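Next come the chains, spelled out residue by residue.
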Amino acid sequence: MIDSAPRRAAGSLFGLAFGDALGRPTEFLTVAEIVGRYGPTGPRELVGAPALVTDDTQLALAVAWALHDAPGHTAAEVEPLLRRRFVEWSVSPENNRAPGMTCLRACGELARGVRWQEATVAGSKGCGANMRVTPVGLLDVDLDTLAGLAQLQAGLTHGHPTGLAASELTAYAVRLVCDGAALAELPGRLAARAREQRAVYRADWLGDLWQRSGERTPEEFIARGWDECLDALARLDDALARADDGGDPCRYTGEGWVAEEALATALLCALRHPDDPVAALARGATTAGDSDSIAALAGAFVGAAHGLAGWPEGWAARIEYADQLATLAAAWDRPDGPTPTGGDMPPGGTTAAGGAGQ
Ligand SMILES: [Mg+2]
């Protein structure tokens, strides 16, 4: 029986957490060690009760709750909530999952109450900003607001232009899939967005952040970020032009410790297994690089494509923070949204009408 409501927000939010949980034990292992422990197809079962996630899911929840609770979606309305959630996370006893140093440093400054443009780690484009951004893609907002929110939440901790641009593209990818785009369309659609936005500095969201960079103009600052994302997307295209050899996707698109590589490598995992969500997660978890973040983002993408029904039965009850994920998903899933593409969308399939005009 086909579920009439695709539940893409649930699929994406839980997919992020599932990927994070599968990649958690493998983040600091080599591929040989991962294969030795799990076999050639990588980890495919949730372990533990609950199955623990990492800072990726914790911070995605922080972003999601800030957006959920904000009275509106402007910079002035959202920034204080993001700041509070990030700082609460940083001092929480649950913040014991190998968190990124950039986030910890920036949160220490945010807690002191300084302007976020001064609190942020201006030179960091670590993947910590885009591993947590996918909830932005689930909001029913216009594309300028999506872009502003994605970049703002990144900028609070990661002030490098590539962190901003990659975060926007990551959120935009989720939005496109929720609107009915096939996963196979994403590389081309994201590259088009990057070219179109290349000289757009969002001063109403970012204020004077660009001045910390040493660039001469705000346009030159942001263009550097979009150009690095375009380079990563070009490497993704090169990888996709080859037959899948079954090996570590990081060899083509990078290890994902930085933002643009996390996006490209997660997309590569999703696009190698567009009809098999668990295989996409396992592929991300079987990597030499930032396995939990790569698998988490791959999960957010394939989960949006397949909806909650794409994941194994019972997983949603076994994952850490299941209650929070379910509450947010229920708030954001649109019962009258586009019909699910499910597992029968052919690679290179066509866009549903819902993708137009966004
Ligand atoms: Mg992590």
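Residues numbered from 1 in each chain as written. Predicted model: local features only at pLDDT ≥ 70, side-chain atom pairs only at ≥ 80, totals over all residues. Heavy atoms only, no water.

**A closer look at the overall build of the chain**
Thinking step 1. For the chain, the helix and strand inventory stands at 17 helices and zero strands.
Thinking step 2. In terms of overall dimensions, the chain has C-alpha extents of about 50 × 45 × 40 Å along its principal axes.
Thinking step 3. In the chain, the share of contacts with a sequence separation of at least 24, taken over all contacts with a separation of at least 6, comes to 78%.
Thinking step 4. Here the chain has roughly 13,300 Å² of accessible surface; of this, 53% comes from carbon and sulfur atoms. (Helix = DSSP H or I, 4+ residues; strand = E, 2+ residues; numbered from the N terminus. Contact = heavy atoms within 4.5 Å. Areas by Shrake-Rupley, 256 points an atom, 1.4 Å probe, with all protein chains shown as cover.)

**Let's talk about the confidence of the model for the chain**
Thinking step 1. Across the chain, the average pLDDT comes to 93, with 92% of residues at 70 or higher.
Thinking step 2. Every residue in residues 337-358 is under pLDDT 50, and counting partners more than four places away or in other chains gives 35 contacts. (pLDDT = per-residue confidence, 0-100.)

**With respect to the coordination of the magnesium ion**
Thinking step 1. Around the magnesium ion, the donor atoms from the protein are Thr 54 (OG1), Asp 55 (OD), Asp 56 (OD) and Asp 292 (OD), and they sit 2.1 to 2.4 Å away.
Thinking step 2. Look at where the donors of the magnesium ion fall in the sequence and you get T-D-D-x235-D. Considered together, Asp 55 and Asp 56 belong to a single accessibility category, that of buried residues. (Donors = N, O, S within 2.8 Å, 3.2 Å for Na, K, Ca; no water. Buried < 20%, exposed > 50% of the residue type's maximum accessible area, 1.4 Å probe, protein only.)

**Digging into the pattern of salt bridges**
Side chains bearing opposite charge may pair, as long as their charged atoms lie close to each other.
Thinking step 1. Enumeration according to the criterion identifies 19 salt bridges in this entry.
Thinking step 2. In this structure, Arg 115 engages Asp 208 in a salt bridge whose closest nitrogen and oxygen atoms are separated by 3.1 Å. With Arg 115 in the loop between α5 (101-111) and α6 (116-119) and Asp 208 in the loop between α10 (203-206) and α11 (218-240), this pair connects stretches of sequence that are 93 residues apart.
Thinking step 3. Classification of Asp 208 as partly exposed rests on a relative accessible area of 30%.
Thinking step 4. For Arg 193, the salt bridge identified is with Glu 168, shortest N-O distance 2.9 Å. Of the two residues, Arg 193 sits in helix α9 (residues 186-196) while Glu 168 sits in helix α8 (residues 161-178), which places them 25 residues apart along the sequence.
Thinking step 5. Taken together, the salt bridges that share partners define one network made up of Arg 115, Glu 118 and Asp 208. (Salt bridge = Lys/Arg side-chain N within 4 Å of Asp/Glu carboxyl O.)

**Considering the packing of helix α13 (residues 259-272) against helix α15 (residues 291-306)**
Thinking step 1. Look at α13 against α15: their axes get within 8 Å of each other, and the N-to-C directions meet at 55 degrees. Between α13 and α15, the angle is such that the two are oblique. Regarding α13 and α15, the two cross each other, and that crossing is right-handed. Between α13 and α15, the residues in contact are Ala 262, Leu 263, Thr 265, Ala 266, Leu 267, Cys 269 and Ala 270 and Ile 294, Leu 297, Ala 298, Phe 301 and Val 302, respectively.
Thinking step 2. Residue classes in the contact of α13 with α15 are distributed as eleven nonpolar, one polar and no charged. (Axes fitted to C-alpha atoms, helices over the stretch in contact; angles between N-to-C directions. Parallel < 35°, antiparallel > 145°, perpendicular 65-115°, else oblique. Left-handed = near helix turned anticlockwise from the far one by under 90°. Nonpolar A, V, L, I, M, F, W, Y, C, P; charged D, E, K, R; others polar.)

**Digging into the nonpolar core**
Thinking step 1. Among the nonpolar cores identified, the biggest contains 111 residues, and Phe 86, Val 136, Leu 190, Phe 301, Ile 319 and Trp 332 are the most heavily contacted of them.
Thinking step 2. In terms of residue count, α8 provides more of this core than any other element does, eleven residues in total.
Thinking step 3. For Phe 86, the contacting residues outside a window of four places in its chain are Leu 59, Ala 62, Val 63, Cys 107, Leu 110, Arg 132, Gln 153, Leu 156 and Thr 157. (Core = buried A, V, L, I, M, F, W, Y, C linked by side-chain atoms within 4.5 Å.)

**Concerning the side chain of Glu 79**
Thinking step 1. Its location among the elements puts Glu 79 in helix α4 (residues 75-91).
Thinking step 2. Among the residues examined, Glu 79 registers a relative accessible area of 15% and is labelled buried.

**A closer look at the packing of α8 against α11**
Thinking step 1. One way to put it is that α8 packs onto α11 with a least axis distance of 7 Å and a crossing angle of 55 degrees. Classified by the angle between their axes, α8 and α11 sit oblique to one another. For the pair α8 and α11, the sense of crossing is right-handed. Residues Pro 161, Thr 162, Leu 164, Ala 165, Ala 166, Glu 168 and Leu 169 of α8 form the contact with α11, whose own contacting residues are Phe 221, Ile 222, Arg 224, Gly 225, Trp 226, Glu 228, Cys 229 and Leu 233.
Thinking step 2. Partitioned by chemical class, the residues of the contact of α8 with α11 number ten nonpolar, two polar and three charged.

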